[in-house]
Amino acid sequence: DGGITQSPKYLFRKEGQNVTLSCEQNLNHDAMYWYRQDPGQGLRLIYYSQIVNDFQKGDIAEGYSVSREKKESFPLTVTSAQKNPTAFYLCASSYSSGSSYNEQFFGPGTRLTVL
Amino acid sequence: AQKVTQAQTEISVVEKEDVTLDCVYETRDTTYYLFWYKQPPSGELVFLIRRNSFDEQNEISGRYSWNFQKSTSSFNFTITASQVVDSAVYFCALSPDSNYQLIWGAGTKLIIKP
């Protein structure tokens, strides 16, 4: 079955540690996205990538980093510079980000808690 | 400014009642798309519908229906004869042609009581 996988489902981190969240898709989508969701709030865009080896900052990129070495994969690193990283992180993909038409497909999310 | 407003933070109804979720958007683009997504307790967002700015026909899919009115910049979502499985957070989103990024509303939490 085609879809988006995110791992792990739950992640605990100590303050000062970097952690990497995995996102893999087998939908052959060009574009991939990372969102952050805080309780009772909507989605905020962290980073997005329209093509391999290229990515752009979203609205809240500070304290995060990404890479896009393969079309299928778009890992997100939450660095120690992120002041309040406890949140629910959602990865998404779409056929192209160069069109307002394409709906985004979402993974199951990773819930990150900083201890 | 481009913005999506879902003024209803939480709605609670008894099963089998009809319920309407409001979505009001702002954009200066003449070409744009509007979306509704459902986020069940599991957390994964599920795409429900896409509507383009030139198509104001109402859409019905089973118990779900959508009312798009450009005159009021609204794209409301109605669930008829609600069921407990409809309990979720529902998000409205705007994708303007000038931006290609989804602009999200804050979501409406819908609780259907048995």
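Keep in mind the model is a prediction, meaning the values are calculated, not measured.

Reading guide: rules and limits
Going along each chain's sequence as written, the residues are numbered from 1 onward. Labels follow written order: the first chain is A, the first ligand is 1, and so on. For this predicted model, a pLDDT threshold of at least 70 governs which residues receive local features, and a threshold of 80 or more governs which side-chain atom pairs are given and counted, while totals over whole chains, interfaces and linings are taken from all residues. In computing side-chain properties, one takes all heavy atoms of the structure into account and sets aside hydrogens as well as water. Pairing of aromatic side chains here covers Phe, Tyr and the six-membered ring of Trp, requires ring centres within 6.5 Å, and sorts the geometry by plane angle: under 30 degrees stacked, over 60 edge-to-face, intermediate tilted. Secondary structure is summarised from DSSP: a helix means a run of H or I of at least four residues, a strand means a run of E of at least two, and numbering begins at the N terminus for each. A 1.4 Å probe rolled over the protein chains alone gives each residue an accessible area, and that area as a share of the maximum for its type sets the label: buried under 20%, exposed over 50%, partly exposed in between. Only lysine NZ and arginine CZ atoms are considered, and such an atom sits over a ring when it is within 6 Å of the ring centre and within 35 degrees of the ring normal. Each pair of strands is called paired provided DSSP finds at least two bridges between the two strands. Comment: axis = line fitted to C-alpha atoms, over the contacting stretch for helices; angle = value between 0 and 180 degrees taken between N-to-C directions. Any pair of cysteine sulfurs within 2.5 Å is marked as a disulfide. For this analysis, residues touch if any pair of their heavy atoms sits within 4.5 Å. Any carboxyl oxygen of Asp or Glu within 4 Å of a side-chain nitrogen of Lys or Arg constitutes a salt bridge here.

Engineer: Give me the lowdown on the packing of aromatic side chains, citing residues and values where you can.
Structural biologist: The final tally for this structure, using the stated rule, is 21 aromatic pairs over all chains. Note on Phe106 of chain A and Tyr37 of chain B: the rings are 5.6 Å apart at their centroids and 80° apart in plane angle, and the pair reads as edge-to-face. One end of the pair, Phe106 of chain A, is in strand β10 (residues 105–106); the other, Tyr37 of chain B, is in strand β5 (residues 32–39), on a second chain. Across this residue pair, the class does not change: Phe106 of chain A and Tyr37 of chain B are buried. Taking the relative accessible area as the measure of exposure, Tyr37 of chain B reaches 0% and is therefore buried. Grouped by ring-pair contacts, the aromatic residues Tyr33, Tyr35, Tyr48 and Phe106 of chain A together with Phe35, Tyr37, Phe47, Phe91 and Trp104 of chain B constitute a single cluster. In this structure, Arg68 of chain A is placed above the aromatic ring of Phe74 of chain A, and the distance from its NZ or CZ to the ring centre is 6.0 Å.

Engineer: Now, about the sheet that holds strand β7 (residues 64–66) of chain A: what can you tell me, with residues and values included?
Structural biologist: Residue and element names in this part refer to chain A. Pairing in this open sheet of four strands is antiparallel, and the strands run β1-β3-β8-β7 from one edge to the other. In the strand order of this sheet, the two ends are held by β1 (4–7) and β7, each with one partner. Geometrically, the sheet is characterised by an average inter-axis angle of 20° between neighbouring strands, direction not taken into account. Across four bridges, β1 lies against strand β3 (residues 19–25) in antiparallel orientation. Bridge pairing in β3 places Gln6 opposite Cys23.

Engineer: Kindly report on the state of the cysteines, identifying the contributing residues and their values.
Structural biologist: Residues and elements named next belong to chain A. Counting across every chain of the model gives two disulfides over all chains. Between the sulfur of Cys23 and that of Cys91 lies a disulfide, 1.8 Å long from S to S. Between Cys23 and Cys91, the S-S torsion sits near -75°, and that sign places the bridge as left-handed. Here Cys23 is found in strand β3, whereas its partner Cys91 is found in strand β9 (residues 87–94), with 68 residues between them in sequence. Each member of the pair, Cys23 together with Cys91, is buried.

Engineer: Please give an account of the environment of Tyr90 of chain B that cites residues and values.
Structural biologist: All names here are of chain B. In this structure, Tyr90 sits in strand β10 (residues 88–96). For Tyr90, a relative accessible area of 0% translates into the label buried. In this structure the C-alpha to C-alpha distance between Tyr90 and Pro40, which are 50 residues apart in sequence, comes to 8.5 Å. In contact with Tyr90, other than residues within four places in its own chain, are Gln6, Leu21, Trp36, Tyr37, Lys38, Leu48, Tyr64, Phe77, Ile79, Gly107, Thr108 and Leu110.

Engineer: Describe the pattern of salt bridges, and please don't skip the residues or the numbers.
Structural biologist: As enumerated under the stated definition, the model contains seven salt bridges over all chains in all. Arg51 of chain B serves as the salt-bridge partner of Glu59 of chain B, at 2.9 Å between the closest nitrogen and oxygen. Given the relative accessible area of 7%, Arg51 of chain B is considered buried. The partner of Asp86 of chain B in a salt bridge is Arg63 of chain B, with the nearest N and O atoms 2.8 Å apart. Placement of Asp86 of chain B in the loop between β9 (74–79) and β10 and of Arg63 of chain B in the loop between β7 (59–61) and β8 (64–69) is noted, with a sequence separation of 23 residues between them. Relative accessible area serves as the criterion here: at 25%, Arg63 of chain B is assigned to the partly exposed category. Through salt bridges with shared partners, a single ionic network connects Arg36, Asp38 and Arg44 of chain A.

Function cannot be inferred from these measures alone, as they are strictly geometric.
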